Amino acid sequence: MDMLLTWGEVFTVVLTGLVIVFAALIILIAVVWTYGKIFTAVNKNKQDKQKPGQTQTADSPTSTQTSQSETSVQADTSGIPQSVIAAITAAVAAFTDGKGVVTGIAVKKPRKTGKRRSTEWGYAGTVASMKRTGW
Amino acid sequence: MEIKSFSETILGVLHESGIYYLFTEPDGIKRLIMILISFVFMYLAIKKKFEPLLLLPIAFGMLLTNLPYAEMFHPELFDGEISFSNVLHEGGLLDLLYLGVKLQIFPPLIFLGIGCMTDFGPLIANPKSFLLGAAAQAGIFLTFIGAAFFGFTPEECGSIAIIGGADGPTAIYVSTQLLSGGVSQTGTPFGIDVGVIALAAYTYMALVPVIQPPIMRLLTTKQERSVKMEALRPVSQTEKILFPIIVTIVINLLVPSATPLVGMLMLGNLFKESGVVGRLEKTAQNELMNIVTIFLGISVGATTVADKVLSPRFLQVLLLGVVAFAIGTATGLLFGKIMYVVTGKKVNPLIGSAGVSAVPMAARISQKVGSETDPTNFLLMHAMGPNVAGVIGSAVAAGVLLNIIG
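Residues numbered from 1 in each chain as written. Chains lettered and ligands numbered in written order. Predicted model: local features only at pLDDT ≥ 70, side-chain atom pairs only at ≥ 80, totals over all residues. Heavy atoms only, no water.

## Regarding the overall build of chain A
Then step 1. In terms of regular secondary structure, chain A is built from three helices and three strands.
Then step 2. The burial tally for chain A puts 18% of its 135 residues in the buried class.
Then step 3. When the accessible surface of chain A is split by element, carbon and sulfur atoms take 60% of a total near 10100 Å². (Helix = DSSP H or I, 4+ residues; strand = E, 2+ residues; numbered from the N terminus. Buried < 20%, exposed > 50% of the residue type's maximum accessible area, 1.4 Å probe, protein only. Areas by Shrake-Rupley, 256 points an atom, 1.4 Å probe, with all protein chains shown as cover.)

Listed below in structure tokens is the structure:
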């Protein structure tokens, strides 16, 4: 088979291509890693400043009471079907190895918290959603 | 005025019919075979759901262009320097649509829509994923060697190699630029065209679930496949907004020829992450992308003329295409294995194969193969990092090929 390119030319293309692609993406790693570190540090500082206020809320007896052996949530359940409460209770019990008890559920105005999502539940939901939508 | 007899009229109609052309003209049988091939691709798209969004319009474009006397596409109008006046006056519908491919308009617009649908969060949270996206691009450059060995021209080698990027719009973008003019810089006429490259690229993208898993199982051990990776750190909205801007600038400074693709990808992503242009985001990822997909598919399909497809060259392209995909998958996995060792078994090598792009199919394959070993192992989000890095990587590789060969 007659080659229209010499082996030297071929390897020049291959080597140049690989070097440039790796170089470009390594530079992107450095840039993204650097600003990721900066943002992580900034967010940590913000959280540290907010901590005293949060502790006060957590100490409030009306919100959530937590002990080592049992997780209990008490809130208003008006308007929520019993079947929904039962399903959530089952999920919490499964997640906390039977140590969690749901005594009530409150619906609050949804808002973005920007906090980390629960990993396994979140991933399972994402996988199911992607499968369902064919994405 | 002379009125023809009944038999003369019937014979005249018959002689001017497509059926007569198909069975008497020298290229009639070839056209007939091309029409049958278009049926095969339509079957694959409709019944087997092989990338139907693009394969179906491509197959129908193939049918239209090979129908006798339809005269919907005139490849001669695009040989050498394009005369826009000629295209407007003598061209048909498909000629006008093909201008969008020829002038590099459609692929970047598709990238705009893809950008609107892409979440770069996993990549920002774990920037090392870029390495896997880069490693998988080895499939592109190593396939270049194979194409050169088969005696293809440099421009054809670049067009075939980019199939390994597993990114249809990128493959069309590169091959349109490299194969324009019909003749290589070496003076050799091209034996393939954009349609051939697009057909091979989209066929193999649809076959990712078939091609990748055996390679993934072959190159990894059960212990490696069962690695559970740590949860990714949360990424703030500001980081997500800054990412497309920074990537555009960095890529432009390093590989300017990749800017049209990467720039539009990042613009779409900025629409999404900024949260202030919901209407533009919705339009770009739905209406605009759908319209462009129709135009791109049908006009690329129209370029698949018999002389280019019914040749040994097409079979060689198909062979090299699957080799490119396999090498890309393998190099991504092997780099994943290196990261597995270097990080002290914290990285599951399966996410490396997602670096070949083909979003989000390749990431889903990583998830699927990983869950075969351990059903509680959720690799999808970890694989999305290399997957979207592969999109950027293949666009950069495209820019490099255009820079070196174009």
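Right, picking up where we left off after that structure.
## Some details on the overall build of chain B
Then step 1. Check the secondary structure of chain B and you find 22 helices and zero strands.
Then step 2. For chain B, the residues scored as buried account for 59% of the 406 residues in total.
Then step 3. For chain B, the share of sequence-separated contacts (at least 6 apart) that also reach a separation of at least 24 residues comes to 76%.
Then step 4. Approximately 15900 Å² of chain B is accessible, and the part contributed by carbon and sulfur atoms is 67%. (Contact = heavy atoms within 4.5 Å.)

## Details of the pattern of salt bridges
Residues and elements named next belong to chain B.
Then step 1. Counted under the stated rule, the structure contains 10 salt bridges over all chains.
Then step 2. For the salt bridge of Lys272 with Glu273, the shortest nitrogen-to-oxygen distance reads 3.1 Å.
Then step 3. We classify Lys272 as partly exposed; its relative accessible area is 24%.
Then step 4. In this structure, the salt-bridge partner of Lys368 is Glu372, at a minimum N-O distance of 4.0 Å. (Salt bridge = Lys/Arg side-chain N within 4 Å of Asp/Glu carboxyl O.)

## Side note on the interface of chain B and chain A
Quite often, the size of an interface is put as the accessible area lost when its parts meet.
Then step 1. Contacts between chain B and chain A engage 56 residues on the former and 42 residues on the latter.
Then step 2. Regarding the contact of chain B and chain A, the summed buried area is about 4200 Å², with carbon and sulfur atoms giving 84% of it.
Then step 3. Summed over the shared surface of chain B and chain A, the number is zero salt bridges.
Then step 4. Between chain B and chain A we count two residue pairs in polar contact (both at pLDDT 80 or more) in total.
Then step 5. Residue assignment for the side of chain B that touches chain A shows that the elements contributing at least two residues are α9 (129-135), α10 (138-149), α11 (154-161), α16 (237-254), α21 (361-373) and α22 (380-405) of chain B. (Buried area = accessible area lost by both parts, 1.4 Å probe. Polar contact = N/O pair within 3.5 Å; in protein donor to acceptor, adjacent residues only side chain to side chain.)

## A closer look at the environment of Lys346 of chain B
Residues and elements named next belong to chain B.
Then step 1. Secondary-structure assignment places Lys346 in the loop between α20 (312-342) and α21.
Then step 2. When the C-alpha positions of Lys346 and Val227 are compared, they lie 7.0 Å apart, and in sequence the two are 119 residues distant.
Then step 3. Look past the residues within four positions of Lys346 in its chain and what remains in contact with it is Val227, Met229, Glu230 and Tyr340.

## A look at unusual backbone geometry
Residues and elements named next belong to chain B.
Then step 1. Val359 connects to Pro360 through a cis peptide bond whose omega is -10 degrees.
Then step 2. For Pro360, the position within the fold is in the loop between α20 and α21.
Then step 3. At Ser357, a position not held by glycine, the phi torsion is positive, near 80 degrees.
Then step 4. Note that Ser357 resides in the loop between α20 and α21.

## Digging into the side chain of Gln104 of chain B
All names here are of chain B.
Then step 1. By the secondary structure assignment, Gln104 is in the loop between α6 (93-102) and α7 (106-117).
Then step 2. In this structure the side chain of Gln104 is engaged in a polar contact, spanning 3.5 Å, whose partner is the side chain of Gln177.
Then step 3. If sequence neighbours within four positions are ignored, Gln104 has contacts with Tyr173, Thr176 and Gln177.

## Re the packing of aromatic side chains
Residue and element names in this part refer to chain B.
Then step 1. Within the structure shown, the criterion is met by 12 aromatic pairs over all chains.
Then step 2. Taken together, a centroid distance of 5.8 Å and an interplanar angle of 15 degrees make the contact between Phe73 and Phe78 stacked. With respect to burial, Phe73 and Phe78 carry one shared label: buried.
Then step 3. Aromatic side chains Phe149 and Phe150 sit 6.2 Å apart centroid to centroid with 65 degrees between the ring planes, which places their arrangement in the edge-to-face category.
Then step 4. Looking at Phe149, the relative accessible area reads 44%, which means it is partly exposed. (Phe/Tyr/Trp six-rings, centres within 6.5 Å; stacked < 30°, edge-to-face > 60°.)

## Examining a nonpolar patch on the surface
Then step 1. A cluster of nonpolar residues, Ile27 of chain A together with Ile245, Ile249, Leu253 and Leu254 of chain B, forms a patch on the protein surface that exposes about 450 Å² of accessible area.
Then step 2. Among the elements that take part in the nonpolar patch, α16 of chain B stands out by supplying four residues, more than any other.
Then step 3. Relative to the helices and strands, Leu254 of chain B is located in helix α16.
Then step 4. Residue Leu254 of chain B is classed as partly exposed on the basis of its relative accessible area of 38%. (Patch = residues over 30% accessible without salt bridge, like charges linked within 9 Å, V, L, I, M, F, W, Y side chains within 5 Å.)

## What to know about the confidence of the model for chain A
Residues and elements named next belong to chain A.
Then step 1. Across chain A, the average pLDDT comes to 71, with 50% of residues at 70 or higher.
Then step 2. Mean pLDDT across the secondary structure elements of chain A bottoms out at strand β1 (residues 64-66), with 40, and peaks at helix α1 (residues 7-59), with 85.
Then step 3. Between residues 56-76, whose pLDDT stays under 50, and residues either more than four places distant or in other chains, the model counts 23 contacts. (pLDDT = per-residue confidence, 0-100.)

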